[in-house]
Amino acid sequence: MTELNEIEQVVRTRLRSLRNTLGLSLDELAARTNLSPSTISRVETGKRTISLDILLPLATALQVGLDALLDVRSDDDVVIRPTPNNSGERTTWMLSRPTGSTIALKMRIEPAHKPEEQRVHPGHDWFFVIAGRVRLLLGEREITVQTGEAAEFATMTPHAFTAIDGPAELIMIFDRDGQRAHVHHETTGHPTPESSPDPASRSQ
């Protein structure tokens, strides 16, 4: 099947589905478009070529734009295919698009060879442990988060976390401040304009 035929098939399917969703018979849709019921039927079943003079009134009557009817993008606008980004003892996989206001990522962490430096940044952090155990330091508190447990905390509290005994894997969600703190600092290895050396704006 050629690309043009594929597009036409998608449009025909959408036209029929929209008509059924709106509960319109062929006669009712014909009355709204000044097209004959047989013409609409032939368009839906592929027995008539789709032309702009037919498509425009159908789109208007079905309350949908032409761009939506003709949109045949692949699943790439929906499906995200994460790739690993290794930085020393941490590997991250971005699970959301960089244009969003909320960031989601998967992180694999190894046990630290030295005590973690606690940092702060605006906002909140949330993570879910999918494998292993995590030691979360919140100021003077030390909390163990087990597999299947989640943690949420205000990030203006000094904090750090590391794996216990062996590797641990997390799903993390945070905002842009959290991304700059958790991702940019770890991957660059040095402060950037978005990861200031000021302790009040750096994070684990």
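That block above? That's the structure.
The following paragraphs examine the structure supplied in this document. (Residues numbered from 1 in each chain as written. Predicted model: local features only at pLDDT ≥ 70, side-chain atom pairs only at ≥ 80, totals over all residues. Heavy atoms only, no water.)

Looking at the overall build of the chain
To keep it simple, the criterion reads: The helix count covers DSSP runs of H or I at least four residues long, the strand count covers runs of E at least two residues long, and both are numbered beginning at the N terminus. For every residue, the accessible area (1.4 Å probe, protein chains only) is compared with the maximum for its type, and the residue is labelled buried under 20%, exposed over 50%, or partly exposed between those bounds. Contact definition: two residues touch when any of their heavy atoms are within 4.5 Å. Note that accessible areas follow from Shrake-Rupley with a 1.4 Å probe, and for residues the cover is restricted to the protein chains shown.
For the chain, the helix and strand inventory stands at six helices and nine strands. Residues classed as buried in the chain amount to 34% of the 204 residues present. Sequence separation of at least 24 residues holds for 59% of the intrachain contacts in the chain that already meet a minimum separation of 6. Here the chain has roughly 11,500 Å² of accessible surface; of this, 52% comes from carbon and sulfur atoms.

Some points on helix H2 (residues 26-33)
Keep this limit in mind: The arc in question is the one spanned by the directions pointing from the helix axis to the C-beta atoms.
Considered for burial, the residues of H2 that qualify are Leu-29, Ala-30 and Thr-33. Seen end-on, H2 carries its buried residues on one side only, within an arc spanning 105°. Summarising the geometry of H2, the exposed residues directed more than 90 degrees from the buried face are Asp-27 and Ala-31. Positive phi shows up at Asn-34, right after H2, with a value of about 60°.

Overview of the packing of H2 against helix H3 (residues 37-45)
Formally: Each axis is a line fitted through C-alpha atoms, and for a helix only the stretch in contact is used; angles between axes span 0 to 180 degrees, taken between their N-to-C directions. Here roughly perpendicular refers to angles of 65 to 115 degrees, roughly parallel to angles under 35, roughly antiparallel to angles over 145, and oblique to all remaining angles.
The N-to-C vectors of H2 and H3 enclose an angle of 110°; their axes lie 8 Å apart at closest approach. Considering their axes alone, H2 and H3 lie roughly perpendicular with respect to each other. Together, Leu-26, Asp-27, Leu-29, Ala-30 and Thr-33 of H2 and Pro-37, Ile-40, Ser-41 and Glu-44 of H3 make up the contact between the two elements.

Some details on the packing of H2 against helix H4 (residues 52-61)
How we decide: Gly is placed with the polar residues, together with every amino acid not listed as nonpolar (Ala, Val, Leu, Ile, Met, Phe, Trp, Tyr, Cys and Pro) or charged (Asp, Glu, Lys and Arg).
Running from N to C, H2 and H4 cross one another at 110°; their axes reach a closest spacing of 9 Å. On the basis of their axis angle, the class for H2 and H4 is roughly perpendicular. Contact residues: H2 offers Leu-29, Arg-32 and Thr-33, while H4 offers Pro-57, Leu-58 and Ala-61. For the contact of H2 with H4, the class distribution of residues is four nonpolar, one polar and one charged.

Describing the sheet that holds strand S8 (residues 159-163)
The strands making up a sheet associate through backbone hydrogen bonding, with each pair oriented either parallel or antiparallel. As a reminder, the rule being used: Here, any two strands with at least 2 DSSP bridges between them count as paired.
Strand order in this open sheet of three strands is S6-S5-S8, and the pairing throughout is antiparallel. Across the chains shown, the open sheet's two edge strands, defined by having one partner strand only, are strand S6 (141-145) and S8. Averaged over all adjacent pairs, the angle separating strand axes in this sheet is 20°, with direction ignored. Bridge count between strand S5 (residues 134-138) and S6: five bridges; the pairing is antiparallel.

Overview of the pairing of strand S2 (residues 90-94)
The buried fraction of S2 is high, at four of five residues. Where S2 lies against strand S3 (residues 102-109), five bridges are found, and the strand directions are antiparallel. By the bridge assignment for S3, Trp-93 is matched with Lys-106.

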